[in-house]
Amino acid sequence: MKGSIVAKFGGSSLADGQQFQKVKKIILEKEERRVIVPSAPGKRHNKDHKVTDLLYMCHQLASHLLSFDEVFQILEERYLEIARDLNLKVPISEALKNIKENISKGATRDYCASRGEYLNGLILADYLNAKFMDASEIIRFHPNGQFLPKETEELVKKRMQNAGRVVVPGFYGADEEGNIKTFSRGGSDVTGSILAQGIEASLYENWTDVSGFLMADPKIVKNPRTIKEITYKELRELSYMGAPVLHEEAIFPVRGLGIPIQIRNTNAPEEEGTLIVEDLHREPSPYIITGLAGKKDFTVITVEKTQMNGEKGFLRKLVSVFEANEVTIEHTPSSIDSVSVIVSEKEMNGKLSKIMEEIRIYLNPDQVSAQGKLALLAVVGRGMIATKGVSARVFTALYQRGINIRMISQGASELNILIGLENDDFESAIEAIYEAFTEKGEETHENL
Ligand code: ASP
């Protein structure tokens, strides 16, 4: 199925009959859109529920031998309404009855959660007059819940050849015995990517309710620009800081084959969205920086010891204290006689004084100190490597706002500059840097 497009539609794109109509129109516009991956119905408005959440709730109630009738009825009505609105023939009430029975008989949590996608798949296949292919037949998991890429690839290759247009529900698969297993939340994105890899698609379209990635958080910057094109690597730098448009693991399957991912908006299909591509020779963003992202609430633990650079194993010992306490390290900026360890406060989880004490005992430093309320901000852009004065511009912008910088680190690939600052300065810093690079719509390409 080379030359085909895998199109995944998120929960809000399939939240009601009207949304299904939009989705059908999009799919029929291009014959190449051959593999369609639906999520479960999402929220129709702020106070609404995601079907997946309702299903998890049903499972929880059932597992405590409590009645889940009321919750099940809410999701039942949602599906019946969609089927009614679309005039479908598919026997959705029978499928619902079956699922309800299985839940009351003690079906697993993964089985329950997966039914949102399963039912939406049945509906969408009927509505499109396409073939329904149950993900449990092609997405393979180990009985322990681990995804099995090789087995899946073989199954996809075998089962999807010349299959015409198929609908494969997202989010789940099964082990060899047919026990349903799910990915982590938001995992339909991963299903789409796996299928795109398996059929060697030319493009993986991810349809959602925003027109792609924005250069900065719209809660901080007013009307930020959309990122038209971003490389997988840049996206890693940004997504690790928490831009939840796409599931973090969704880039890995397609990345190896260089299949681009395009984030598009079901509610504004005329907009191009964001294209995620392999790095090779891509033109940098017209603004030099591709995007800004960050997070608050980190703690820095600084260890000082004269001539630590001459002491063998110093860093290893330091890191092992964190490892032994099961705390993941975010960054370790260093100078000749000091090294800092940056850890998110959530990860630290009350272990700070214990860790500091262990560092004192184990490493015998001149001093150990800790400071909290640090925010990390990443300025990301593949254009930075070839452009002079990027850091000058970043730091001037911060200086002009009177923002104090507590840490700076530049990734070896010169793809990002990481800045540590006070939590309270975080929003203002993002605004300042965003403005410095995008002011008055100016596209700054000097020195490229
Ligand atoms: N429906 C699942 C969830 O809510 C998976 C997905 O939407 O991708 O997490």
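Remember, predicted model here, so these are calculated numbers, not experimental data.

(A) Just the packing of helix 2 (residues 51–63) against helix 3 (residues 69–85), in detail. As a packed pair, helix 2 and helix 3 sit with axes 9 Å apart at the nearest point and diverge in direction by 150°. Put simply, helix 2 runs roughly antiparallel to helix 3. Of the two elements, helix 2 crosses helix 3, and the hand of that crossing is left-handed. Seen from helix 2, the contacting residues are Val51, Leu54, Leu55, Met57, Cys58 and Leu61; seen from helix 3, they are Val71, Phe72, Ile74, Leu75, Arg78 and Tyr79.

(B) Representation of the nonpolar core in the model. With 121 residues, the main nonpolar core has Met160 and Val379 as its most contacted residues. Looking at this core, the element that brings in the most residues is helix 5 (residues 109–128), giving 10 residues. Listed in part, the 17 residues of the second largest apolar core include Ile301, Val341, Val343 and Leu363.

(C) Spatial organisation of the site of the ligand. Taken together, Ser39, Lys50, Thr52, Glu117, Phe171, Arg185, Gly186, Gly187 and Ser188 form the complete shell of residues around the ligand. At a separation of 2.6 Å, a nitrogen atom of the ligand approaches a polar side-chain atom of Glu117. For the ligand, whose free accessible area comes to 260 Å², the fraction covered by protein is 95%. Split into classes, the residues belonging to the shell around the ligand amount to 1 nonpolar, 5 polar and 3 charged.

(D) Spatial organisation of helix 6 (residues 149–160). Spanning 12 residues, helix 6 covers 16 Å between terminal C-alpha atoms, matching the ideal 16 Å at 1.5 Å per step. Looking at the buried residues of helix 6, the elements they touch are strand 2 (33–38), strand 4 (166–167) and helix 7 (188–198).

(E) Local environment of the confidence of the model for the protein chain. With 96% of its residues at a pLDDT of at least 70, the protein chain reaches an overall mean of 93. When the criterion is pLDDT under 50, residues 441–448 qualifies, and its contacts beyond four places in sequence or with other chains add up to 25 contacts.

(F) The arrangement of unusual backbone geometry in detail. Phi at Gln307 takes a positive value of approximately 65°, unusual for a residue other than glycine. Considering the arrangement of structural elements, one finds Gln307 in the loop between strand 11 (291–304) and helix 10 (314–324). You will see that Glu326, though not glycine, has its phi angle at about 55°, which is positive. For Glu326, the location among the structural elements is in the loop between helix 10 and strand 12 (334–335).

(G) A look at the packing of aromatic side chains. The final tally for this structure, using the stated rule, is 7 aromatic pairs. Taken together, a centroid distance of 5.7 Å and an interplanar angle of 80° make the contact between Tyr118 and Phe132 edge-to-face. Separated by 14 residues along the polypeptide, Tyr118 in helix 5 and Phe132 in strand 3 (residues 131–132) bring together distant segments of the chain. Of the aromatic side chains, those joined through ring pairs into one cluster are Phe141, Phe147 and Phe183. Against the face of Tyr127 rests Lys24, its NZ or CZ located 4.3 Å from the ring centre. Over the ring of Tyr118 we find Arg115, and its NZ or CZ is 4.3 Å from the ring centre.

(H) Main features of the layout of surface pockets. Of the volumes computed, that of the second largest pocket is approximately 340 Å³. Lining the second largest pocket are 18 residues; nearest its centre among them are Thr226, Ile227, Lys228, Glu229 and Tyr287. Of the residues belonging to the lining of the second largest pocket, the class tally is 5 nonpolar, 5 polar and 8 charged.

(I) Spatial organisation of the pattern of salt bridges. If you walk through the whole model with that rule in mind, you get 22 salt bridges. Note that Arg382 and Glu229 form a salt bridge whose closest N and O atoms lie 3.7 Å from each other. With Arg382 in the loop between strand 14 (367–380) and helix 13 (390–400) and Glu229 in strand 8 (residues 229–231), the pair connects residues that are 153 residues apart, well separated along the chain. Given the relative accessible area of 21%, Glu229 is considered partly exposed. Among the salt bridges present, the one from Arg401 reaches Glu435, with a minimum N-O distance of 3.5 Å. Residue Arg401 is found in the loop between helix 13 and strand 15 (405–410), and its partner Glu435 is found in helix 14 (residues 426–438); the two are separated by 34 residues along the sequence. The class for Arg401 is partly exposed, based on a relative accessible area of 33%. Under the relative-accessibility criterion, Glu435 is labelled partly exposed at 38%.

(J) Local environment of the sheet that holds strand 15. Pairing within the open sheet is antiparallel, and its 6 strands lie in the order 12-13-11-14-16-15. The open sheet has two edge strands, strand 12 and strand 15, and neither has a second partner. Where strand 15 and strand 16 (residues 416–422) come together, 5 bridges link them in antiparallel fashion. Bridge pairing in strand 16 links Met407 to Gly420. Strand contacts of helix 10: strand 11 and strand 13 (338–344), with the helix running at about 20° to strand 13, the strand carrying the most contacts. Of the strands in this sheet, strand 11 and strand 14 touch helix 12 (residues 352–363), which is tilted by about 115° from strand 14.

(K) Representation of the UniProt feature "binding site: substrate" (unreviewed entry) in the protein chain in the model. Under the UniProt annotation, the feature "binding site: substrate" (unreviewed entry) is placed at Thr52 and Glu117. Taken together, the annotated residues stretch across 66 residues yet fold into one region, lying no more than 8.3 Å apart by C-alpha. Along the chain, Thr52 turns up in helix 2. Non-local contacts of Thr52, meaning those with residues more than four positions away in its chain, are made with Ala40, Ala113, Glu117, Phe171 and Arg185. The residue Glu117 is located in helix 5 in this model. Relative accessible area serves as the criterion here: at 4%, Glu117 is assigned to the buried category. When near neighbours in sequence (up to four residues on either side) are disregarded, Glu117 contacts Pro38, Ser39, Ala40, Thr52, Pro169, Gly170, Phe171, Tyr172 and Ser188.

So, how was this worked out
Numbers given to residues run from 1 along each chain, matching the order in which its sequence is written. A pLDDT threshold of at least 70 governs which residues receive local features in this predicted model, and a stricter bar of 80 or more applies before side-chain atom pairs are shown or counted, although totals over entire chains, interfaces and linings include all residues. In computing side-chain values, all of the structure's heavy atoms are included and hydrogens and water are not. Axis definition: a line fitted to C-alpha atoms, limited for helices to the stretch in contact. Angles are taken between N-to-C directions and run from 0 to 180 degrees. Here a helix means four or more residues in a row that DSSP labels H or I, a strand means two or more in a row labelled E, and each is numbered from the N terminus. The labels follow the angle: roughly parallel below 35 degrees, roughly antiparallel above 145, roughly perpendicular from 65 to 115, and oblique for the rest. Working rule for handedness: look at the near helix, and if it is turned counterclockwise from the far one by less than a right angle, call the crossing left-handed; if clockwise, right-handed. The contact rule is simple, with two residues in contact once any of their heavy atoms fall within 4.5 Å. In these notes, a set of buried Ala, Val, Leu, Ile, Met, Phe, Trp, Tyr and Cys residues joined through side-chain atoms within 4.5 Å is what counts as a nonpolar core. Think of it in three bands: residues with accessible area under 20% of the maximum for their type are buried, residues over 50% are exposed, and the middle band is partly exposed, with areas taken using a 1.4 Å probe on protein chains only. Throughout this document, a residue counts as near a molecule or strand when at least one of its heavy atoms sits within 4 Å of that molecule or strand. N or O atoms closer than or at 3.5 Å make up a polar contact, with two conditions inside protein: a donor-capable atom paired with an acceptor-capable one, and, for residues adjacent in sequence, both atoms drawn from side chains. Per-residue and other accessible areas were derived by the Shrake-Rupley procedure at a 1.4 Å probe size, with only the shown protein chains allowed to occlude residues. The residue classification treats Ala, Val, Leu, Ile, Met, Phe, Trp, Tyr, Cys and Pro as nonpolar and Asp, Glu, Lys and Arg as charged. All others, Gly included, are polar. The span one expects for a helix is its residue count, reduced by one, times 1.5 Å. A residue's pLDDT is the predictor's confidence in that residue, given on a scale from 0 to 100. Put simply, two rings from Phe, Tyr or Trp (the six-membered ring, in Trp's case) pair if the centres are within 6.5 Å, and we call them stacked under 30 degrees between planes, edge-to-face over 60, tilted for the rest. Remark: a charge is flagged as sitting over a ring if the NZ atom of Lys or the CZ atom of Arg is within 6 Å of the ring centre and within 35 degrees of the ring normal. Points on a 1 Å grid, built from protein atoms alone, make a cavity when a 1.4 Å probe fits but cannot get out and make a pocket when they are open with protein on both sides within 12 Å along at least 5 of 7 lines; residues with an atom within 4 Å of a point are the lining residues. Grid points are joined across faces, edges and corners, and a volume is the space filled by probe spheres set on the points. Salt-bridge detection follows one rule: a side-chain nitrogen of Lys or Arg within 4 Å of a carboxyl oxygen of Asp or Glu. For two strands to pair, DSSP has to find at least two bridges joining them. UniProt positions are given in the numbering used here, feature names are shortened, and annotations may be inferred rather than shown by experiment.

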